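Each chain is listed here by its residues.
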Amino acid sequence: MSHLKPEIEESWRLALDEEFRSPYFESLVDFLKDEKSNYTIYPQGADIFSAFNRTPLPGVKVVILGQDPYHGHGQAHGLSFSVPDDVKFPPSLRNIYKELSDDLGMEIPTSGNLGRWADNGVLLLNATLTVRKGDAGSHQGQGWEEFTDQVIKTVSDLRAGIVFILWGKFAQDKSKLIDTSKHFILSSPHPSPFSSYRGFFGSKPFSNTNKILIDNGLEPVDWSL
């Protein structure tokens, strides 16, 4: 998987150049080569950096942070919480859609593909960008977290007025990487069925994000899908 490095949108490639040259990233590439020779890994190679390719750094308005790609067949396509068209909604995404409908009065979308959000400035970032088929968390601790922590810091350092939507403790622990003097954080419990009724439902992340952006003279996000 040595092709990993160049297959990323130019603004990100330039901003993250030092990461791609670093020893931990070389080790990560070696790990992924070995994994791919022995297992099926998700998402497919061309989709690993989809979040970056759909949402260039200068266009980021919002960051939604997930943890791992989905590990079921056909689910992961490089955008956190998203699945391709015609794939059944995972439980967390179903709850995100319920809150979207309650918050903005929208019909629940018929597709679980969040690509339109990505194209409208929502960086749908997972902390770990690959996973072994059927084995949740199998690529944690191999270097991806170091890389994506640097992505969060890069957005924090190089941009201003970004809304970071942090669902659940894992995402909220990343708040230490964000300069809150120039960015905004919206936190709530995770949309997972295990925690959604403890404060995710009713948190209105979509309308609250747009209120923050508008109040600060920035373009709101079109959340329609």
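Refer to the structure presented above.
Nothing here was measured: the structure is a model prediction, and the numbers come from that model.

Quick look at the sheet that holds strand β5 (residues 163–167)
What the four strands build is an open sheet, ordered β3-β2-β5-β6; its pairing is parallel. This sheet does not close on itself; its edge strands, each paired only once, are β3 (122–126) and β6 (184–188). Neighbour to neighbour, the strand axes of the sheet diverge by 20 degrees on average, direction disregarded. Pairing analysis gives five bridges linking strand β2 (residues 62–66) to β3, with the strands arranged parallel. Bridging from a neighbouring strand, valine 62 pairs with valine 122 of β3. Each of β2, β5 and β6 touches helix α9 (residues 205–215); the most contacted strand, β5, lies at about 160 degrees to it.

Here we look at the environment of valine 122
Within the secondary structure, valine 122 sits in strand β3. Take valine 122: its relative accessible area is 0%, and that puts it in the buried class. Counting along the chain gives 42 residues from valine 122 to phenylalanine 164, while the straight-line C-alpha distance between them is 9.6 Å. With sequence-adjacent residues up to four places away left out, valine 122 is seen in contact with Thr55, Val62, Ile64, Trp117, Val221 and Trp223.

Quick word on the packing of helix α5 (residues 91–104) against α9
At a minimum axis separation of 7 Å, α5 and α9 run at an interaxial angle of 60 degrees. In this view, α5 runs oblique relative to α9, as classed from their interaxial angle. For the pair α5 and α9, the contacting residues are Ile96, Glu99, Leu100, Asp103 and Leu104 in the first and Pro205, Phe206 and Ser207 in the second. For the contact of α5 with α9, the per-class residue count stands at five nonpolar, one polar and two charged.

Side note on the packing of aromatic side chains
Considering all chains together, one arrives at 20 aromatic pairs under this definition. Relative to tyrosine 97, the ring of phenylalanine 89 lies with its centre 5.1 Å away and its plane at 85 degrees, an arrangement referred to as edge-to-face. Comparing phenylalanine 89 with tyrosine 97, the two get one shared label, buried. Consider the rings of tryptophan 167 and phenylalanine 200, whose centres lie 5.3 Å apart with planes at 90 degrees: the pair is edge-to-face. Residue tryptophan 167 is located in strand β5, and its partner phenylalanine 200 is located in the loop between β6 and α9; the two are separated by 33 residues in the primary sequence. In this pair, the class of tryptophan 167 matches that of phenylalanine 200, namely buried. Put simply, the rings of Trp12, Phe20, Tyr24, Phe25, Phe49, Phe52, Trp144 and Phe147 pair up and form one aromatic cluster. The lysine or arginine in question, lysine 98, covers the ring of phenylalanine 201, its NZ or CZ lying 4.8 Å from the ring centre. Cation over ring: arginine 132 sits above tyrosine 39, and NZ or CZ is 3.7 Å from the ring centre.

Thresholds applied
- The numbering scheme is per chain: residues are counted from 1 as the chain's sequence reads.
- Residue-level local features of this predicted model are given only where pLDDT is at least 70; pairs of side-chain atoms are given and counted only at 80 or more, and the full residue set underlies all totals for whole chains, interfaces and linings.
- In computing side-chain properties, one takes all heavy atoms of the structure into account and sets aside hydrogens as well as water.
- For two strands to pair, DSSP has to find at least two bridges joining them.
- A run of H or I in DSSP counts as a helix once it spans at least four residues, and a run of E counts as a strand once it spans at least two, with each numbered from the N terminus.
- For helices, the fitted line uses only the C-alpha atoms of the stretch in contact; every axis is such a line through C-alpha atoms, and the angle between N-to-C directions lies from 0 to 180 degrees.
- Should any heavy atoms of two residues lie within 4.5 Å, those residues are considered in contact.
- Relative accessibility under 20% of the residue-type maximum defines a buried residue, over 50% an exposed one, and the middle range a partly exposed one, all with a 1.4 Å probe and only protein chains included.
- An angle below 35 degrees is treated as roughly parallel, one above 145 as roughly antiparallel, one from 65 to 115 as roughly perpendicular, and anything else as oblique.
- Here the nonpolar group is Ala, Val, Leu, Ile, Met, Phe, Trp, Tyr, Cys and Pro; Asp, Glu, Lys and Arg are the charged ones; every other residue, Gly included, is treated as polar.
- Only rings of Phe, Tyr and Trp enter the pairing, Trp through its six-membered ring, and a pair is recorded when the two centres are within 6.5 Å. The plane angle decides the type: under 30 degrees is stacked, over 60 is edge-to-face, the rest tilted.
- We count a charge as sitting over a ring when the NZ of a lysine or the CZ of an arginine lies within 6 Å of the ring centre and within 35 degrees of the ring normal.

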